[in-house]
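Analysis of the macromolecular model
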Amino acid sequence: MTIYHKITVIGGGAWGTALASMATRAGREVTLWAREDDVVTSINETHENKDFLPGITLPEGLKATSKLADAEGSDVILMVVPAQFVRAVAQDLKSFLKESTPIILCAKGIEQSTGKMMNEVMSEVLPKSPLVVLSGPTFAHEVAKGLPAAVTIASRYQQIAQNVADTLGQTTFRPYLSRDVVGAEVGGAVKNVLAVACGIVAGLELGENARAALITRGMAEMVRFGEARGAKRETMMGLCGLGDLILTCSSTQSRNMSLGMALGQGKSVEQIMMGRKSVAEGYHTASILADIAEQESIDMPIAAAVHKILHQGGDVAKVVEDLMRRPYVSEL
Ligand SMILES: NC(=O)C1=CN([C@@H]2O[C@H](COP(=O)(O)OP(=O)(O)OC[C@H]3O[C@@H](n4cnc5c(N)ncnc54)[C@H](O)[C@@H]3O)[C@@H](O)[C@H]2O)C=CC1
Ligand SMILES: O=C(CO)COP(=O)(O)O
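The rules behind each value
- Residues numbered from 1 in each chain as written.
- Chains lettered and ligands numbered in written order.
- Predicted model: local features only at pLDDT ≥ 70, side-chain atom pairs only at ≥ 80, totals over all residues.
- Helix = DSSP H or I, 4+ residues; strand = E, 2+ residues; numbered from the N terminus.
- Rg over C-alpha atoms; globule rule 2.2 N^0.38 Å.
- Buried ≥ 20, exposed ≤ 12 C-beta atoms within 10 Å, placed from the backbone.
- Contact = placed C-beta atoms within 7 Å.
- Near = placed C-beta within 6 Å.
- Nonpolar A, V, L, I, M, F, W, Y, C, P; charged D, E, K, R; others polar.
- Domains from an automatic or database assignment.
- UniProt positions renumbered as here; feature names shortened; annotations may be inferred.
- Axes fitted to C-alpha atoms, helices over the stretch in contact; angles between N-to-C directions.
- Left-handed = near helix turned anticlockwise from the far one by under 90°.
- Pairing = 2+ DSSP bridges.
- Right-handed = clockwise from strand over helix to strand, strands pointing away.

Right, let's talk about the overall build of the protein for a bit. Tallying secondary structure elements over the protein gives 15 helices and 8 strands in all. Here the C-alpha atoms of the protein give a radius of gyration of 19 Å, agreeing with the 20 Å that 2.2 N^0.38 yields for 332 residues. Counting all 332 residues of the protein, 51% fall into the buried class. By sequence separation, contacts in the protein at least 24 residues apart represent 72% of the contacts at least 6 residues apart.

With 9 of its 11 residues buried, helix H14 (residues 301-311) lies for the most part within the structure. Residues of H14 that are buried: Ile-302, Ala-303, Ala-304, Ala-305, Val-306, His-307, Lys-308, Ile-309 and Leu-310. Packed against the buried residues of H14 are helix H7 (181-203), helix H8 (208-228), helix H11 (255-264), helix H12 (269-273), helix H13 (281-295) and helix H15 (316-325). Remark: Gly-313 follows H14 within two positions and exhibits a positive phi of approximately 70 degrees.

This part covers unusual backbone geometry. With the exception of glycine, the majority of residues adopt a negative phi angle, and the majority of peptide bonds are in the trans configuration. We note that His-47 has phi near 55 degrees; this positive angle belongs to a residue other than glycine. Looking at where His-47 falls in the secondary structure, it is placed in the loop between helix H2 (37-46) and strand E3 (63-65). Despite not being glycine, Glu-205 has its phi angle at roughly 60 degrees, a positive value. Its place among the elements puts Glu-205 in the loop between H7 and H8.

This next bit is on the site of ligand 1. The immediate surroundings of ligand 1 are formed by 25 residues, with Gly-13, Trp-15, Ala-107, Ala-140 and Ser-278 found nearest. Residues of the shell around ligand 1, tallied by class, amount to 14 nonpolar, 7 polar and 4 charged.

Another point: the site of ligand 2. With respect to spatial proximity, 13 residues lie near ligand 2, and among them Thr-138, Asp-244, Ser-254, Arg-255 and Asn-256 are the closest. Going through the elements one at a time, H7, helix H10 (239-248) and H11 are the ones with two or more residues in the shell around ligand 2. The element contributing the most residues to the shell around ligand 2 is H10, with 3 residues. Domain assignment of the residues forming the shell around ligand 2 places at least three in each of domain 1 (6-179) and domain 2 (186-325).

The subject of this paragraph is the UniProt feature "binding site: NAD(+)" (unreviewed entry) in the protein. Here, UniProt's "binding site: NAD(+)" (unreviewed entry) annotation points to Gly-11, Gly-12, Gly-13, Ala-14, Trp-15, Gly-16, Phe-85, Ala-140 and Arg-255. Along the chain, Gly-12 falls in the loop between strand E1 (6-10) and helix H1 (14-25). Not counting residues within four places of it along the chain, the set of residues in contact with Gly-12 comprises Thr-17, Leu-32, Trp-33, Ala-34, Arg-35, Glu-36, Val-39, Asn-49, Phe-52 and Ala-64. When you line up the elements, Arg-255 lands in helix H11. Its 22 C-beta neighbours within 10 Å are what place Arg-255 among the buried residues. What Arg-255 contacts, discounting residues up to four positions off in sequence, is Ser-278, Val-279 and Ala-280.

For the pair H8 and H10, interaxial distance at closest approach is 11 Å and the crossing angle is 145 degrees. Once H8 is placed against H10, the crossing between them reads as right-handed. Between H8 and H10, the residues in contact are Ile-215, Gly-218, Met-219 and Met-222 and Gly-241, Leu-242, Leu-245 and Ile-246, respectively. Class assignment for the residues of the contact of H8 with H10 results in 6 nonpolar, 2 polar and no charged.

A word on the pairing of strand E8 (residues 173-178). By the bridge criterion, 6 bridges tie strand E7 (residues 149-155) to E8 in an arrangement that is parallel. When the bridges of E8 are listed, Ala-149 appears paired with Phe-173. Regarding the hand of the β-α-β motif, the stretch spanning E7, helix H6 (residues 158-168) and E8 is right-handed.

Moving on, we get to the domain arrangement of the protein. One can read the domain layout of the protein as domain 1 (6-179) and domain 2 (186-325). The straight-line distance from the C-alpha centre of domain 1 to that of domain 2 is 25 Å. Between domain 1 and domain 2, the contact holds 23 residues from the first and 23 residues from the second. For the side of domain 1 that touches domain 2, the secondary-structure elements that each account for two or more residues are E7 and E8. No other element matches the 3 residues that E7 contributes to the side of domain 1 that touches domain 2.

This part takes up the sheet that holds strand E5 (residues 103-105). Taken together, 8 strands build an open sheet; the order of strands is E3-E2-E1-E4-E5-E6-E7-E8 and the sheet is mixed. Because the sheet does not close on itself, it has two edges, and the strands there are E3 and E8. For this sheet the average axis-to-axis angle between neighbouring strands, irrespective of direction, equals 25 degrees. Sheet analysis places E1 next to strand E4 (residues 76-79), joined by 4 bridges and oriented parallel. The residue bridging Ile-10 from the neighbouring strand is Met-79, located in E4.

Okay, here's the thing in structure tokens:
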């Protein structure tokens, strides 16, 4: 069994902090890189990330840094900055890594400027690095508290995926292996957009029937998009797809669902986004997802509706009504 002992987590938001905390509990030597000096100080001096994961006491062994150079000599890197910043941060990190160092991609989104998934972005910046995707139904607060969760770990390099599972796995964090990198990434990226839609339905108080319909028809959109990108349907039926879709569409712990909920309750996009420090990836992914779907004739009416509301000034009630008015077609 190969264990990666020295781990650097890049990204001091809620998820990076939770993963770093979990890996420290597994007995690994973990350094967490955060962009904000306040976050570094807060973690090192009070064992809490007051800005992004307040109220959770972090293990004393977890060290934070503001220097990317401290990633030098790591056995493995966890990349946990939001999707739109992955390329820039990876460029800055590049000179401190060996080409053989595995990189675990944990962001859930599509790069807005290129339409690329995170593994494609990373392959351009670090073409020789072995890539692994870690994704699943995992609210950061729960993982940080040590509550049980299960994830998909996908890589074209199965031995490395196994090593990552052996490195991070514990009785409260159960990895399942996959070879389907694209499928693992599509699930996480698309579900964020669908969670905004579920939030809108909740905010409008349209009921549980509507939410179940949305989750199911949203799943159909995820599968269509994933298959067009070469993903396997079964992967999207797993933890990183259906599992994460159910979680994110079921709880206002989700930033994406709560963003949608506020829209459904009548707040404007500007009011909601103003002053938000935490990321709602669905906001950024919705437009590129809707564009790709239109260009490639992938039928994704829910994603298009979310894009319309978020970025084209669409009236919430009218967009929902238009969705329901579409011609009746075969379910499958
Ligand atoms: N929070 C969660 O429960 C989970 C989050 N994720 C994913 O993890 C990724 C990171 O999300 P969170 O840790 O929740 O973030 P967060 O919302 O807690 O924090 C925002 C992060 O964005 C960073 N940031 C802001 N501007 C930046 C810039 N210009 N360059 C680089 N970084 C910048 C901040 O430093 C901070 O780390 C996202 O893709 C998210 O979808 C995945 C699973 C669970
Ligand atoms: O990805 C997540 C849970 O798996 C977190 O969802 P939110 O980003 O919507 O909070």
